[in-house]
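Remarks on the overall topology
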Amino acid sequence: MKTFRDRVVVITGAASGLGRQFAEVAAREGMHLVLADVQADALERAAGELRGQGASVIAQLCDVRKGEQVQALADAAVAAFGAVHLVFNNAGVGAAGLIWENTEADWEWVMGVNVWGVIHGVRIFTRLMLDAAAKDPSFEGHIVNTASMAGLLNAPAMGVYNVAKHAVVSLSETLYHDLQLVGAPIGASVLCPYFVPTGISQSHRNRPDDVRMTVGPTASQLAAQFMTDKAVASGKVSAAQVADITFRAIAEGRFYIYSHPEALAGVRDNLESVVAGVNPPDPYAATPQIRALLQAKINGASTSKG
């Protein structure tokens, strides 16, 4: 996708974090913006600020776990602007802790937003774009799915999130191949950020009642939350920088988008173990102090509760 000006972009999770920064870049590029989020006040604030900058914006509440709400978002985009050219399936939440301690509600929430949200976005917006392309030979589109470096690695005490983000990487790679197979004028990318200062570590603030946490948090969940908060807060690459990187990648037709390419060393080590058929490598081989801190927090919290 080479042209952004006067094109239409849909962004889920648009009220904060990466989604908010995607909206900033899109507005700067002269796009028409369709913003979606579950947090009404933050969504309206973001839309108002962007309108104040002169952007053309509509905003709609959307729980991406619900297919009918994603369909309503697509319908609203077409009603307002006639077509959709760029989609960021970006809404995401996080949950951590030892994998056997996560509840059914934890799994339903994280998989619902992080996986089903992308599934709904892909199945609804891809067909919408294909229909537009069939009517307009000059049509060009692109879909960006936000995964994570956790979609390429498997850090301890992040099991639910790891599973969800691996699914997004797989879905995105398959989408890319399927679009290539049919010769569609639609690109696809998967964004795999590492630790970027956003609000995802506090995503439980918007956790719906139907999947609310009814037990815990456990010692491992508290420890993992502490470690994630610390890592995210200390991130040196900003959400604004990731948004700029992402738009450049779209224009260049790149599929894999990374915020921290240096983290790929761990991906390489893991894949080499897969090919060699040996056990997974130690994720803390280079940083044993992090494992020691995590273990101390888990064991210390367990002892204090006992």
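Everything quoted here is computed from the prediction, not taken from an experiment. (Residues numbered from 1 in each chain as written. Predicted model: local features only at pLDDT ≥ 70, side-chain atom pairs only at ≥ 80, totals over all residues. Heavy atoms only, no water.)

Considerations on the overall build of the protein
Worth spelling out the cut-off: Note on conventions: DSSP H or I runs of at least 4 residues are helices, E runs of at least 2 residues are strands, and numbering of each starts at the N terminus. Here the globule rule is a power law, 2.2 Å times the number of residues to the power 0.38, and the radius of gyration is based on C-alpha atoms. Think of it in three bands: with a 1.4 Å probe and only protein chains considered, a residue is buried below 20% of the maximum accessible area for its type, exposed above 50%, and partly exposed in between. Throughout, a contact is declared for two residues whenever any of their heavy atoms are within 4.5 Å. Only the protein chains shown count as cover for residues, and the accessible areas themselves come from Shrake-Rupley with a 1.4 Å probe. Positive residues here are Lys and Arg, negative ones are Asp and Glu, while His and the chain termini are left out of the count. Taken as the charge centre is NZ of Lys, CZ of Arg, CG of Asp or CD of Glu, depending on the residue.
Per the secondary structure count, the protein includes nine helices and seven strands. Relative to a compact globule of 306 residues, whose C-alpha radius of gyration would be 19 Å, the protein shows 20 Å and is just as compact. With the C-alpha coordinates aligned to their principal axes, the bounding extent of the protein is approximately 65 × 45 × 35 Å. Buried residues in the protein amount to 48% of all 306 residues. Expressed as a percentage of contacts within the protein between residues at least 6 apart in sequence, the contacts between residues at least 24 apart total 72%. As displayed, the protein offers around 14,100 Å² of accessible surface, 56% of which is attributable to carbon and sulfur atoms. For the protein, the separation between the mean place of its 24 positive charges and that of its 28 negative charges on side chains is 4 Å.

Digging into the packing of helix H4 (residues 104–135) against helix H5 (residues 159–181)
Angle between the axes and distance between the axes: these two values describe a pair of packed helices. Heads up, the rule is: Only C-alpha atoms enter the line fits that serve as axes; for helices the fit covers just the stretch in contact. Angles between N-to-C directions range over 0 to 180 degrees. Orientation categories follow fixed angle ranges, with anything under 35 degrees roughly parallel, anything over 145 roughly antiparallel, 65 to 115 roughly perpendicular, and all other angles oblique.
Contact geometry for H4 and H5: axes closest at 9 Å, N-to-C directions at 10°. Taken together, the axes of H4 and H5 lie roughly parallel to each other. Across the interface between the two elements, Asp106, Trp107, Val110, Met111, Asn114, Val115, Val118, Ile119, Val122 and Thr126 from H4 touch Gly159, Val160, Tyr161, Val163, Ala164, Lys165, Ala167, Val168, Leu171, Leu175 and Leu179 from H5.

Quick word on the environment of Val70
Considering the arrangement of structural elements, one finds Val70 in helix H3 (residues 67–81). In the structure, Val70 is positioned 47 residues away from Gly117 in sequence and 8.2 Å away in space, judged by C-alpha atoms. Dropping the residues within four chain positions of it, Val70 is found in contact with Cys62, Val64, His120, Gly121, Ile124 and Phe125.

A look at the nonpolar core
To keep it simple, the criterion reads: Among the buried residues, those of types Ala, Val, Leu, Ile, Met, Phe, Trp, Tyr and Cys that are joined through side-chain atoms within 4.5 Å form a nonpolar core.
Residues Val10, Leu73, Val84, Val87, Val110, Phe125 and Met129 are the most contacted members of the largest nonpolar core, which totals 49 residues. Among the elements of the structure, strand E1 (8–12), strand E2 (32–37), H3, H4, H5 and strand E6 (186–192) are those that each provide at least two residues to this core. Top element by residues in this core is H4. It accounts for 12 residues. When near neighbours in sequence (up to four residues on either side) are disregarded, Val10 contacts Val34, Leu73, Ala77, Val84, Leu86, Val87, Phe88 and Phe125. Among the nonpolar cores identified, the runner-up in size contains 35 residues, and Met1, Ile11, Leu33 and Val144 belong to it.

Remarks on the packing of helix H1 (residues 17–28) against helix H7 (residues 239–252)
The line we're drawing: By definition, turning the near helix anticlockwise from the far helix through less than a right angle yields a left-handed crossing, and turning it clockwise yields a right-handed one. Amino acid classes used here: Ala, Val, Leu, Ile, Met, Phe, Trp, Tyr, Cys and Pro are nonpolar; Asp, Glu, Lys and Arg are charged; the rest, including Gly, are polar.
Contact geometry of H1 with H7 gives a least axis separation of 8 Å together with a crossing angle of 55°. Put simply, H1 runs oblique to H7. The chirality of how H1 crosses H7 is right-handed. Contacts between H1 and H7 involve Gly17, Leu18, Gln21, Phe22, Val25, Ala26 and Arg28 from the first element and Ala239, Ala240, Val242, Ala243, Asp244, Thr246 and Phe247 from the second. Residue composition of the contact of H1 with H7, by class: nine nonpolar, three polar and two charged.

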